[in-house]
Amino acid sequence: MTVALLAQSILNGLAAGGIYVLVALGLTLVFGIMNIVQFAHGEIYMLGAYASYFLIKLFGFSFWEALPVSAIAIGLLGIVLEKFFFRPFRDRFEPSIIVAVALMVLLQTTAVVGFGTDTKSMGGIIPGVLSIGGVTLSWDRLLGILVGIILVVALFLLIQKTKIGQAMVAVSQDPYAAALQGIDVNRISSIAMAVGCALAAIAGSLMGSIFSTSPFMGTSAITKGIAVIILGGLGSIPGAVAGGLVLGLIDGLVPPLLSSTMAGIVGFGVIIIVLLFRPTGFFGHE
């Protein structure tokens, strides 16, 4: 592998890893605060992509106008899902999984019926590529990396520097003790679900602009998202970032050396090896 190809592969991996991180952060927030594995998160990601697509194609929005509107709309959907579907099963792990899987099937089927099975392209965010020393990266992917960095920093600041963020930490550690301290656990759960869904919508919109949008795009997203949070540690935000970047770099570096199929095998192999030596993942806790 030449130096140029290595640099190219690393940049591609970072671009993919940025998307993985955004998906995994939403899953991590929901799991950490509500103790729910949100299997329908991939479909939320898909709906975010479709929301941006229709805002651009039907209403003439630019991508940068469609992105926040899509995130807000899907975030509000997350509040509805939390209140009516997940809140009744907050302390019942197995039923919550059944509800999440049922939602996954329902949302995907609704998308197939409503949008059709054909892939749709919303077009690139910025045409052209950045080329330096034989290494090229589309502006779309570069912006995806930058947006990912900005949102990760914003989420860290939300958690560390705001009362809502500190309330999220308290609820994730012990919801009953948090409630005794006057924290509205239902409100914090709704906020966490809204933020998680908004992050998924942004990730889906970015991926839809780089590639295409389809009702089945959520399947690969939830597979990667769950792999990331397992590798990084369930409920750990730093773990979601580290896990996403590791799996992204594997997906960027392995295909030029072996094949795209081997990238998936190597990624899950790394997860197995890490769990053998550290069952809680990179930053998880017992």
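Residues numbered from 1 in each chain as written. Predicted model: local features only at pLDDT ≥ 70, side-chain atom pairs only at ≥ 80, totals over all residues. Heavy atoms only, no water.

1. A short note on the nonpolar core
Buried together is how nonpolar side chains tend to be arranged in soluble globular proteins. Counting residues in hydrophobic clusters, the biggest one holds 80 residues, and the most contacted among them are Leu25, Tyr45, Phe86, Ile202, Leu206 and Leu247. For this core, the element with the most residues is helix 1 (residues 3-34), which contributes 14 residues. Setting aside residues no more than four positions away along its own chain, Leu206 makes contact with Ile19, Leu22, Phe63, Ile125, Gly144 and Val147. (Core = buried A, V, L, I, M, F, W, Y, C linked by side-chain atoms within 4.5 Å. Buried < 20%, exposed > 50% of the residue type's maximum accessible area, 1.4 Å probe, protein only. Helix = DSSP H or I, 4+ residues; strand = E, 2+ residues; numbered from the N terminus. Contact = heavy atoms within 4.5 Å.)

2. Some words on a nonpolar patch on the surface
A cluster of nonpolar side chains, contributed by Leu6, Ile10, Leu14 and Leu245, occupies part of the molecular surface with about 260 Å² of accessible area. In terms of residues, the nonpolar patch owes the most to one element, helix 1, which gives three residues. Structurally, the position occupied by Leu6 is in helix 1. According to the relative accessible area criterion, Leu6 is partly exposed, its value standing at 37%. (Patch = residues over 30% accessible without salt bridge, like charges linked within 9 Å, V, L, I, M, F, W, Y side chains within 5 Å. Areas by Shrake-Rupley, 256 points an atom, 1.4 Å probe, with all protein chains shown as cover. Salt bridge = Lys/Arg side-chain N within 4 Å of Asp/Glu carboxyl O.)

3. A look at helix 4 (residues 93-115)
Between its terminal C-alpha atoms helix 4 stretches 32 Å, which fits the 33 Å expected from 23 residues at 1.5 Å a residue. Turning to helix 4, its buried residues are Ser96, Val99, Ala100, Leu103, Leu107 and Ala111. Among the structural elements, helix 2 (41-59) and helix 3 (63-86) are those in contact with the buried residues of helix 4. Downstream of helix 4 by a residue or two, Gly116 has a phi angle that is positive, lying close to 85 degrees. (Expected span 1.5 Å × (residues − 1).)

4. What about the environment of Thr119?
Checked against the element boundaries, Thr119 lands in the loop between helix 4 and strand 1 (129-132). Linking Thr119 and Phe211, residues 92 residues apart in sequence, is a C-alpha distance of 9.6 Å. Setting aside its immediate chain neighbours within four residues, Thr119 contacts Ser212, Thr213 and Ser214.

5. Topic: the packing of aromatic side chains
Aromatic ring pairs are defined here through the distance separating the ring centres and the angle between the ring planes. Under the definition given, this model contains five aromatic pairs. Seen from their ring centres, Tyr50 and Phe54 are 6.1 Å apart, and the 20 degrees between their planes marks the pair as stacked. Remark: Phe54 and Tyr50 occur in helix 2; sequence separation between them is four residues, near one turn of the helix. The buried category is assigned to Tyr50, whose relative accessible area is 1%. Owing to a relative accessible area of 23%, Phe54 belongs among the partly exposed residues under this scheme. Aromatic side chains Phe63 and Trp64 sit 5.3 Å apart centroid to centroid with 85 degrees between the ring planes, which places their arrangement in the edge-to-face category. (Phe/Tyr/Trp six-rings, centres within 6.5 Å; stacked < 30°, edge-to-face > 60°.)

6. Re the pairing of strand 1
Two strands pair when backbone bridges link them, and strand 1 and strand 2 (residues 135-138) are joined in this way by four bridges, in the antiparallel orientation. The partner of Ile132 across the bridge, within strand 2, is Val135. Once strand 1 ends, the chain turns through two residues before running back antiparallel as strand 2, passing Gly133 with a positive phi of about 60 degrees. (Pairing = 2+ DSSP bridges.)

7. Observations regarding the layout of surface pockets
Quantified by volume, the largest pocket comes out at close to 840 Å³. Residue assignment for the lining of the largest pocket shows that the elements contributing at least two residues are helix 1, helix 5 (139-161), helix 6 (163-173), helix 7 (175-180), helix 9 (217-232) and helix 10 (237-257). Here the lining of the largest pocket is composed, by residue class, of 20 nonpolar, 13 polar and three charged. The space that makes up the second largest pocket amounts to roughly 530 Å³. Lining the second largest pocket we find 23 residues, and of these Ala16, Tyr20, Met207, Phe211 and Asp251 sit closest to its centre. Of all the secondary-structure elements, those providing two or more residues to the lining of the second largest pocket are helix 1, helix 8 (185-210), helix 9, helix 10 and helix 11 (260-277). For the lining of the second largest pocket, a count of residues per class yields 13 nonpolar, seven polar and three charged. (1 Å grid on protein atoms, 1.4 Å probe; cavity = no way out; pocket = protein on both sides within 12 Å on 5 of 7 lines; lining within 4 Å. Points joined across faces, edges and corners; volume = space filled by probe spheres on them. Nonpolar A, V, L, I, M, F, W, Y, C, P; charged D, E, K, R; others polar.)

8. Some points on the packing of helix 1 against helix 5
Direction vectors running N to C along helix 1 and helix 5 enclose 35 degrees, while the axes themselves pass 9 Å from each other. Crossing of helix 1 against helix 5: the hand is left-handed. Touching Leu11, Asn12, Leu14, Ala15, Val21, Leu22, Leu25 and Leu29 of helix 1 are Arg141, Ile145, Gly148, Leu151, Val152, Leu155 and Ile159, all from helix 5. Tallied by class, the residues present in the contact of helix 1 with helix 5 amount to 12 nonpolar, two polar and one charged. (Axes fitted to C-alpha atoms, helices over the stretch in contact; angles between N-to-C directions. Left-handed = near helix turned anticlockwise from the far one by under 90°.)

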